[in-house]
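Structure at a glance
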Amino acid sequence: MTKELDMLAHLTEQDNYEFFHHYILIDNCSRREKCLNIRVPGGTVGGVWIDDNNVITKIKIDTNYVVESYQSNVNEVIQKFVGEEIEW
């Protein structure tokens, strides 16, 4: 999912973003709250909500924070990951 977000933000096309990529922050708090943070260096840009079986139930990206280059339908495109299980 993070590589796809990099592509949807056109980060792979920009040389000055060589070390600027999306990642998912997983800690005890986020696992307990069932919401994993989607981050880039400098901020949290969204979340991945999971159920008790670690299946993705919702994904949301804030297109008005930190990354300004997302394509307009980023939230629609990433919905294809809803229903997939996250493995720890």
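In what follows, the accompanying structure is described. Since the model is a prediction, treat every value here as computed from it, not as a measurement.

All right, on to the sheet that holds strand β3 (residues 43-50) then. Consider a sheet: its strands pair through backbone hydrogen bonds, and that pairing is either parallel or antiparallel. Pairing is antiparallel in the open sheet, where four strands are placed in the order β1-β2-β3-β4. Since the sheet does not close on itself, it has two edges, and those belong to β1 (23-25) and β4 (56-61), each with one partner. Averaged over all pairs of adjacent strands, the angle between their axes in this sheet comes to 30 degrees, without regard to strand direction. Across six bridges, strand β2 (residues 35-40) lies against β3 in antiparallel orientation. By the bridge assignment for β3, N37 is matched with G47.

Turning to the pattern of salt bridges, a few remarks are in order. According to the stated counting rule, one finds two salt bridges in the structure shown. K34 is paired through a salt bridge with D52; the nearest N and O atoms lie 3.2 Å apart. Within this pair, whereas K34 is found in the loop between α2 (28-33) and β2, its partner D52 is found in the loop between β3 and β4, the two being separated by 18 residues in sequence. Judged by its relative accessible area of 64%, D52 falls in the exposed class.

So, about the state of the cysteines. As used in these notes, a disulfide is a covalent bond between sulfur atoms, one from each of two cysteines. Going through the model one piece at a time under the given rule, you end up with zero disulfides. No disulfide involves C35; its sulfur sits 9.7 Å from the nearest other cysteine sulfur, which is in C29.

Attention now moves to the packing of aromatic side chains. All chains considered together, the criterion is met by zero aromatic pairs. A cation sits over an aromatic face here: K58 above W49, 4.5 Å from the ring centre.

Counting through the fold element by element, H22 comes out in the loop between α1 (2-8) and β1. For H22, a relative accessible area of 5% translates into the label buried. A polar atom in the side chain of H22 sits 2.6 Å from the side chain of D6. Within the structure, H22 has its side chain in polar contact with the side chain of Y70 (distance 2.7 Å).

We now examine the nonpolar core. Among the nonpolar cores identified, the biggest contains 20 residues, and L5, Y70 and I78 are the most heavily contacted of them. If near-sequence neighbours (up to four positions away) are discounted, I78 is found in contact with L5, L8, I59 and I61.

Let us now look at the pairing of β4. Relative to β4, β3 is paired through five bridges, and the arrangement is antiparallel. The partner of I50 across the bridge, within β4, is I56. In sequence, β3 turns back onto β4 through a hairpin of five residues, with N54 there showing a positive phi of about 65 degrees.

The topology assignment puts Y70 in the loop between β4 and α3 (74-77). Along the backbone, Y70 and L8 are 62 residues apart, and their C-alpha atoms lie at a distance of 5.5 Å. Once residues within four sequence positions are removed from consideration, Y70 is found in contact with L5, L8, A9, H22, V45, I61, D62 and T63.

Rules behind the numbers
- Residues numbered from 1 in each chain as written.
- Predicted model: local features only at pLDDT ≥ 70, side-chain atom pairs only at ≥ 80, totals over all residues.
- Heavy atoms only, no water.
- Pairing = 2+ DSSP bridges.
- Helix = DSSP H or I, 4+ residues; strand = E, 2+ residues; numbered from the N terminus.
- Axes fitted to C-alpha atoms, helices over the stretch in contact; angles between N-to-C directions.
- Salt bridge = Lys/Arg side-chain N within 4 Å of Asp/Glu carboxyl O.
- Buried < 20%, exposed > 50% of the residue type's maximum accessible area, 1.4 Å probe, protein only.
- Disulfide = S-S within 2.5 Å.
- Phe/Tyr/Trp six-rings, centres within 6.5 Å; stacked < 30°, edge-to-face > 60°.
- Lys NZ or Arg CZ within 6 Å of the ring centre and 35° of its normal.
- Polar contact = N/O pair within 3.5 Å; in protein donor to acceptor, adjacent residues only side chain to side chain.
- Core = buried A, V, L, I, M, F, W, Y, C linked by side-chain atoms within 4.5 Å.
- Contact = heavy atoms within 4.5 Å.

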